[in-house]
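# Survey of secondary and tertiary structure
In case you want the letters, here they are:
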Number of protein chains: 2
Amino acid sequence: MTRQYDRRKVTLKDVAAQVGVSHTTVSNAYIRPGQLSAALREKILAAAQELGYTGPDPAAKQLATGRAGALGFLFSEDLPYAFTDPAILSVLNGVARSCDERETDLALISAGSNLRNRTAPVSLGNAAVDGYILYSVAPDSRCVMMAQQRNVPLVVVDQPRLNGVPYVGIDDRGSAYRAAKTLLDLGHRHFGILSLKTAHDGYFGPLTAKRRDNIAHSTIAMRLEGYVLALQEAGIAPEDVPTWEIPINSEDMGAQGVRHLLNRAQRPTAILAMSDRVAIGAMQTIRALGLNIPQDVSIFGFDDIPAAEGADLSTIHQPHERKGTEAVRLLSAATGSNENVILETELVLRGSIGPAA
Amino acid sequence: MTRQYDRRKVTLKDVAAQVGVSHTTVSNAYIRPGQLSAALREKILAAAQELGYTGPDPAAKQLATGRAGALGFLFSEDLPYAFTDPAILSVLNGVARSCDERETDLALISAGSNLRNRTAPVSLGNAAVDGYILYSVAPDSRCVMMAQQRNVPLVVVDQPRLNGVPYVGIDDRGSAYRAAKTLLDLGHRHFGILSLKTAHDGYFGPLTAKRRDNIAHSTIAMRLEGYVLALQEAGIAPEDVPTWEIPINSEDMGAQGVRHLLNRAQRPTAILAMSDRVAIGAMQTIRALGLNIPQDVSIFGFDDIPAAEGADLSTIHQPHERKGTEAVRLLSAATGSNENVILETELVLRGSIGPAA
DNA sequence: TTGTAAGCGTTATCAA
DNA sequence: TTGATAACGCTTACAA
């Protein structure tokens, strides 16, 4: 940005000179109105107005006070993707609301393009913020290190669990378990799983044993564990459950992935999808193949995004907005303690599931 | 945020002392790697690492250089609403991408709750930004004044036209004209208009003459003009075109508003909606009333949000993302000139329109 | 190639 | 109630 707007910026001093008081007094007029006579304050404010003084410079104020009055929200995804993801948006929503209440600014920082080359975004180190919310960031991301190095309060939402850093999340394993259990109780014995990415390599294909043992995202790992646990309890071996991994959480990927699950001699009667977007995409394919939901195939999502209701999709409701508000709260509290918040999820049963054929 | 993280913050000086060089040299190691020997630089960086120095403090840097490395995006809406509006999100998307390329941070600032009490958000004055993008802000909003007072570069997207401030937008009037003309060419003579809000009073009802003359949003005024112009050319008087005003751009409001248009002795055969969200909501109601689209009622939207395609809605395509990228470009250019960018729109014809019955 | 010194615009401390 | 003065941590001529 050019500096040509800075034509001799008006400062506290100018106002002070104009009124004939010290610059401290002018500062007080803004910061501590009680510290000077109302009359003088009026006079100062009037002079400021006249001179075009627009109030304390943020940078200077920040340097002097040590606080920025802003917090950073760090995505692990490209911003462009983030703005299409209803779940992220809901979290962001909660964050924004809380920031509003606290009169705190919100800086959006995307780690997106940087995940690939393992370089943290410049802005991460540069941003004038008092703390960071790390939202679903890959544990091996350089961002995590950089954020920790900045020596400001941190809060992690969903990903990853970090020692000494407050955490906001849900019981992914338990929630997944309940989803699988619900389908088992309906008599299903032939399952297929649509998994979200286990690594950042763009892999689209069956979840191999090797990949299963090296899952970068703890939420994904937990959900998988939950599914598998429930199935095992019912005597179904994990090897017998076709599991397809999808690199992007999108309807389109769900639509493509589910084909590979349905294309089998023993077609699954129940699909466990790790997200609603994936599930909704899958539903389109299922119907396009001439199968009925839930008569031929039951399907269970995860997240309870707004579109899930319209799609009549059974799912796990996550309190996305509260994740955001809790994160801001923890950041403000910043007790230095390691308070973790595990929010409750809810089983939402809709028309996408039914008894096994 | 607490300062307890500041346990004796490590500064340039500490690093300098450790290495045994001056203050400036350490600064150069970060800013101008070419100004010192590679060996020395290595040594300095190593010492910094060891001491836990995380790089120049953003506030101090900003104060010294005069630039923040961030820009502010100012919404006129509540953030919670903004995150549900596909059009806003697309613009934001473009902004975010451009910021990414320029390694610039992005601060989101909502004027939302403040429109009501006419108080500009504190953060607006406080945010450490080099410039603002005002996105579709009400002309009478205090935000506009405050933003101008900050004496930083400004760019307006959509709303309002400000003297001496670069503007990014579309030809709202011409686009609306084409929409209406398209329906006229299909033989329609009985129209209904679903208008977005003309003022911030939450009004839901017929657009009165008085309100029509006092439209706060220029884009709304222009679209209305475009519709009316086309209709007048076809010999249809504005008084004969029922027009319903809606306070919120949402599907739900569209669904409700259209009832009042269809509930008439002379039922319109064509509906002009000022947004796709409103149009999509209206389509639900139209069908719920047992009417067929387009056989009984044709409907035309505005925006071309992603959902418009699925809804098979004819509409005006706006290049939302480019609005964002252009805004950032103008802000960076900040020539001080008054460059305006009027982006092209496109008529998108889909199944929601057909010949008049 | 490195160092000196003067800001940048505030806030905060403490004395007047 | 008001005012010196000293930070705050950095960048940047300019000098060595």
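Bear in mind that the values here come from a model prediction, so they are computed numbers and not experimental data. (Residues numbered from 1 in each chain as written. Chains lettered and ligands numbered in written order. Predicted model: local features only at pLDDT ≥ 70, side-chain atom pairs only at ≥ 80, totals over all residues. Heavy atoms only, no water.)

### Considerations on the sheet that holds strand E10 (residues 298-300) of chain B
Residues and elements named next belong to chain B. If you trace the 5 strands from one edge of the open sheet to the other, you get E7-E8-E6-E9-E10, paired in mixed fashion. A single partner strand is all that each edge strand has here, and the edge strands are strand E7 (205-206) and E10. Of the pairings in the sheet, the one linking E7 to strand E8 (residues 243-245) comprises 2 bridges and is antiparallel in character. The residue bridging Gly205 from the neighbouring strand is Glu245, located in E8. Sheet strands touched by helix H12 (residues 218-233): strand E6 (191-195) and strand E9 (270-273). Its angle to E6, the strand with the most contacts, is close to 175°. Running at roughly 165° to E10, helix H14 (residues 276-288) makes contact with E6, E9 and E10 of the sheet. (Pairing = 2+ DSSP bridges. Helix = DSSP H or I, 4+ residues; strand = E, 2+ residues; numbered from the N terminus. Contact = heavy atoms within 4.5 Å. Axes fitted to C-alpha atoms, helices over the stretch in contact; angles between N-to-C directions.)

### Looking at the pairing of E6 of chain B
Look at any regular strand and the pattern is simple: side chains alternate between the two faces of the sheet. All names here are of chain B. With 5 of its 5 residues buried, E6 lies for the most part within the structure. Because side chains alternate across E6, one face comprises the buried residues Phe191, Ile193 and Ser195, and the other comprises Gly192 and Leu194, equally buried. The sheet contact formed by E6 and E9 spans 4 bridges and is parallel. Bridge pairing links Leu194 to Ala273 in E9. (Buried < 20%, exposed > 50% of the residue type's maximum accessible area, 1.4 Å probe, protein only.)

### Things to note about the protein's contact with DNA strand C
As a structural note, the neighbourhood of DNA strand C is formed by 25 residues, with Ser27, Arg32 and Tyr53 of chain A together with Thr24 and Thr25 of chain B the closest of them. Among all atoms of DNA strand C positioned within 4 Å of the protein, those belonging to sugar or phosphate total 68%. Note that a phosphate oxygen of DNA strand C is positioned 2.8 Å from one of the backbone N or O atoms of Leu12 of chain A. One nitrogen or oxygen atom from the side chain of Thr24 of chain B is found 2.7 Å from a base oxygen belonging to DNA strand C. Among the elements of the structure, helix H2 (23-31) and helix H4 (58-65) of chain A together with helix H2 (23-31) and helix H4 (58-65) of chain B are those that each provide at least two residues to the surface near DNA strand C. In terms of residue count, H2 of chain A provides more of the surface near DNA strand C than any other element does, 4 residues in total. (Near = heavy atom within 4 Å. Polar contact = N/O pair within 3.5 Å; in protein donor to acceptor, adjacent residues only side chain to side chain.)

### Points about the protein's contact with DNA strand D
What surrounds DNA strand D is a group of 26 residues, the closest being Thr25 and Leu36 of chain A together with Leu12, Ser27 and Tyr53 of chain B. Contacts to DNA strand D include Thr24 of chain A, whose side-chain N or O atom sits 3.0 Å from a base nitrogen. Here Ser37 of chain A contributes a backbone N or O atom positioned 3.2 Å from a phosphate oxygen of DNA strand D. Those elements that place two or more of their residues in the surface near DNA strand D are H2 and H4 of chain A together with H2 and H4 of chain B. Looking at the surface near DNA strand D, its residues break down into 11 nonpolar, 12 polar and 3 charged. (Nonpolar A, V, L, I, M, F, W, Y, C, P; charged D, E, K, R; others polar.)

### Focus: the UniProt feature "domain: HTH lacI-type" (unreviewed entry) in chain A
Per the UniProt record, "domain: HTH lacI-type" (unreviewed entry) is found at residues 10-65 of chain A. For residues 10-65 of chain A, the helix share is 70%, the strand share is 0%, and the end-to-end C-alpha distance is 20 Å. (UniProt positions renumbered as here; feature names shortened; annotations may be inferred.)

### Some thoughts on helix H13 (residues 251-262) of chain B
All names here are of chain B. For H13, with 12 residues, the first-to-last C-alpha span of 17 Å sits near the 16 Å given by 1.5 Å per residue. Within H13, burial applies to Met253, Gly254, Ala255, Gly257, Val258, Leu261 and Leu262. Buried residues along H13 sit against E6, E8, E9 and H14. (Expected span 1.5 Å × (residues − 1).)

### Observations concerning unusual backbone geometry
At the junction of Ile293 of chain A and Pro294 of chain A, the peptide bond is cis and its omega measures out at 5° in the coordinates. Residue placement: Pro294 of chain A occurs in the loop between helix H14 (276-288) and strand E10 (298-300).

### What to know about the sheet that holds strand E8 (residues 243-245) of chain A
Residue and element names in this part refer to chain A. The 5 strands are arranged E7-E8-E6-E9-E10 in an open sheet whose pairing can be described as mixed. Edge positions in the open sheet fall to strand E7 (205-206) and E10, since each of these has one partner strand only. Pairing geometry for strand E9 (residues 270-273) and E10, over 3 bridges, is parallel. Following the sheet pairing, Ala270 is matched in E10 by Ser298. In this fold helix H12 (residues 218-233) packs onto strand E6 (191-195) and E9, with an angle of close to 175° to the strand it touches most, E6.

### Digging into the environment of Leu194 of chain B
Residue and element names in this part refer to chain B. Here Leu194 shows up in strand E6. Between the C-alpha atom of Leu194 and that of Gly257, which follows or precedes it by 63 residues, the distance is 7.1 Å. In contact with Leu194, not counting residues within four places along its chain, are Trp244, Ile246, Gly254, Gly257, Val258, Leu261, Ile271, Leu272, Ala273, Met274, Val278 and Ala282.

### Some thoughts on the packing of aromatic side chains
According to the stated counting rule, one finds 8 aromatic pairs over all chains in the structure shown. Ring plane angle 25° and centroid distance 5.7 Å describe the contact between Phe73 of chain B and Tyr135 of chain B, whose orientation is recorded as stacked. With Phe73 of chain B in strand E1 (residues 70-75) and Tyr135 of chain B in strand E3 (residues 132-135), the pair connects residues that are 62 residues apart, well separated along the chain. Comparing Phe73 of chain B with Tyr135 of chain B shows no difference in burial state: the two are buried. Consider the rings of Phe204 of chain B and Trp244 of chain B, whose centres lie 5.6 Å apart with planes at 75°: the pair is edge-to-face. Here the residue Phe204 of chain B occupies a position in the loop between E6 and E7, and Trp244 of chain B occupies one in strand E8, the gap between them amounting to 40 residues. Among the aromatic residues, those joined into a cluster by ring pairs are Phe73, Phe75 and Tyr135 of chain A. Against the face of Tyr167 of chain A rests Arg161 of chain A, its NZ or CZ located 4.0 Å from the ring centre. (Phe/Tyr/Trp six-rings, centres within 6.5 Å; stacked < 30°, edge-to-face > 60°. Lys NZ or Arg CZ within 6 Å of the ring centre and 35° of its normal.)

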